Structures are given as C-alpha cells and as structure tokens.
Amino acid sequence: MQDLIQIAGIIDSAEAQMMIDLGVHYLGFPLRLPVNKEDLTEHEAGEIIKKIPLPHKGVLITYIDNADEIIQMCDDLHANVMQLHGPIAKAELEKVKAARPDIEIIKSLVVRGDNFAELENMVTELSPVTDAFITDTFDPTTGAEGATGKKHDWNISAALVKLSPKPVILAGGINADNVRGAILAVKPAGIDVHTGVEGNDGRKVYALVKKLVDEAKAGFAQMG
C-alpha cells in the first residue's frame, strides 16, 4: 500500500463510477455507525462493491468489534477490506486473520490531542494483526470519530507514520486545497477524504475530486 487515495461516503453507483474514472483507489462505505447516518443501505453498498473492478476496492467502514461479524459482513457485502473504528480486542483481529487472511484490516487511530501514548501503544499491540492504520479526528461536540471535516495535529500523524511498521493513511479535514501540504508534512502511505470533496448537498463534486486526485498524486511524487 503506497500513494493510496481513498474517498469515503459513496452514495450510489454513479458516484462510485466517478471515483473509479478519476483514479480513486479505495471507495469507502460507512455502515453500522453509532453517530453519523449511513449514506445507503448495506444491500445497496454490497451491490455497488461487487461491481468495483480491481485494482479499485470497496472498503467497509464500521465500528463492529466481533470477528465473526466482521467476516460475515465482508462475505455479505462482497468486500475484503474492513476499516475498523472504535475499540476492538487484539484477539478478535487474530481470529479474523486466522480464519480469513484475505481480509485486509485497516485500524483507526483517532487523534484526540492528548492521547499519543494511547495511540503508540495501539500501534505496538495491533501491528501484527492489521494491514494498515488510519489516523483521524475526534469531534468532542458530536462524538464523531471521523467524517468530521476537521483537521487534527498533523505532527501527531507524522510521528505515528515514523513509529508504525505498517502503512499509515492520513484522514481528517483533508481537501483538494490542502492535500499536497498534508502529504508533504506527514508522509503517509495514503490519504482518505470524506466531506472535503462534497458539495452542500452531500454529494461528491467532480471538479473537487479531480483536483484532489491530481494534488495528491503531485504530493506523493514530491514526497518521493
């Protein structure tokens, strides 16, 4: 995983096709959320994901914390990439990897401003049973852990990139205007954007997605 561009919050098949056409690698589908509202049903997400051509992939973004449920959800929705937010025991991730090594696990590292030691411990503990980490922003107003449209301290993410033996994806407040600077500051393996390329109606805007992809590619190229 290198120079990855992920966009989350795909609403329908037309939006998914636009992402693919513009060169987005991973398409994220937030489901079973404790705070934010889902953009579409699980059935609708599965119907879109099963038609996504490789090397593009659909990503299930969720807070579930049970190995059997993770595996079942991947099977039901034709996905093999799972982005997990919220606490999950290492033993559950070990069960997933033992039963289904084909399932790619991305574990969130939610930056709260004063929790670097906690995140450091999480990286150390969970690296053997994850394929990548994703840093994101906590919003104390809503309780949301991601899809906040807010930046966190990128110095923390940069430190986690240096610390982690697994790839780290940067998320949180990224948009087409700041993505190149974010990449150069943090040097992540990839970037993830949700609200940063949406219009007021919550749909992805073609021009913003295109600019984001172009700027991200330029940033990764400069990063070397």
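Anyway, here's the lowdown on the structure attached to this text. (Residues numbered from 1 in each chain as written. Predicted model: local features only at pLDDT ≥ 70, side-chain atom pairs only at ≥ 80, totals over all residues. Heavy atoms only, no water.)

1. A look at the packing of helix H5 (residues 116-126) against helix H6 (residues 154-163)
Next up, step 1: Where H5 meets H6, the axes come as close as 11 Å, and the angle between the chain directions of the two elements is 25 degrees. One element, H5, and the other, H6, form an angle in the roughly parallel class. At the point where H5 passes H6, the crossing takes the right-handed sense. Taken together, the residues of H6 that come into contact with H5 (itself represented by Phe116, Leu119, Glu120 and Val123) are Ile156, Ala159, Leu160 and Leu163.
Next up, step 2: Classifying every residue of the contact of H5 with H6 by side-chain character gives 7 nonpolar, no polar and 1 charged. (Axes fitted to C-alpha atoms, helices over the stretch in contact; angles between N-to-C directions. Helix = DSSP H or I, 4+ residues; strand = E, 2+ residues; numbered from the N terminus. Parallel < 35°, antiparallel > 145°, perpendicular 65-115°, else oblique. Left-handed = near helix turned anticlockwise from the far one by under 90°. Contact = heavy atoms within 4.5 Å. Nonpolar A, V, L, I, M, F, W, Y, C, P; charged D, E, K, R; others polar.)

2. As for the environment of Leu184
Next up, step 1: Counting through the fold element by element, Leu184 comes out in helix H7 (residues 179-186).
Next up, step 2: Between the C-alpha atom of Leu184 and that of Phe220, which follows or precedes it by 36 residues, the distance is 7.6 Å.
Next up, step 3: Apart from the residues lying within four places of it in its own chain, the contact partners of Leu184 are Gly219, Gln222 and Met223.

3. What about the side chain of Glu92?
Next up, step 1: Checked against the element boundaries, Glu92 lands in helix H4 (residues 90-99).
Next up, step 2: At 4.0 Å, Lys95 is the nearest oppositely charged side chain to Glu92, a buried residue that forms no salt bridge.
Next up, step 3: Ignoring any residue separated from it by four or fewer positions in sequence, one finds Glu92 in contact with Asp65, Asn66 and Ala67. (Buried < 20%, exposed > 50% of the residue type's maximum accessible area, 1.4 Å probe, protein only. Lys, Arg positive; Asp, Glu negative; His and termini not counted. Salt bridge = Lys/Arg side-chain N within 4 Å of Asp/Glu carboxyl O.)

4. So, H6
Next up, step 1: Of the positions making up H6, those classed as buried are Trp154, Ile156, Ser157, Ala158 and Leu160.
Next up, step 2: For H6, the side-chain oxygen to backbone nitrogen distance between the N-cap and Asn155 is 2.9 Å, and the N-cap itself is Asp153. (Polar contact = N/O pair within 3.5 Å; in protein donor to acceptor, adjacent residues only side chain to side chain.)

5. Focus on the pattern of salt bridges
Next up, step 1: Enumeration over the complete set of coordinates arrives at 14 salt bridges.
Next up, step 2: Put simply, Glu69 and Arg32 hold a salt bridge, and the shortest N to O gap is 2.8 Å. Within this pair, whereas Glu69 is found in helix H3 (residues 67-76), its partner Arg32 is found in the loop between strand E2 (26-30) and helix H2 (42-49), the two being separated by 37 residues in sequence.
Next up, step 3: A salt bridge links Lys97 to Asp131; the nearest nitrogen and oxygen atoms lie 2.5 Å apart. In this pair, Lys97 sits in helix H4 while Asp131 sits in the loop between H5 and strand E6 (132-137), placing the two residues 34 residues apart along the sequence.

6. Structural notes on unusual backbone geometry
Next up, step 1: In this model, Leu54 is joined to Pro55 through a cis peptide bond whose omega is 10 degrees.
Next up, step 2: Here Pro55 shows up in the loop between H2 and strand E3 (57-62).
Next up, step 3: Look at Asp3: it is not a glycine, yet its phi comes out positive at around 60 degrees.
Next up, step 4: Considering the arrangement of structural elements, one finds Asp3 in the segment before strand E1 (4-8).
Next up, step 5: Relative accessible area serves as the criterion here: at 31%, Asp3 is assigned to the partly exposed category.
Next up, step 6: Of note, Arg32 is a non-glycine position whose phi angle comes to about 55 degrees, a positive value.

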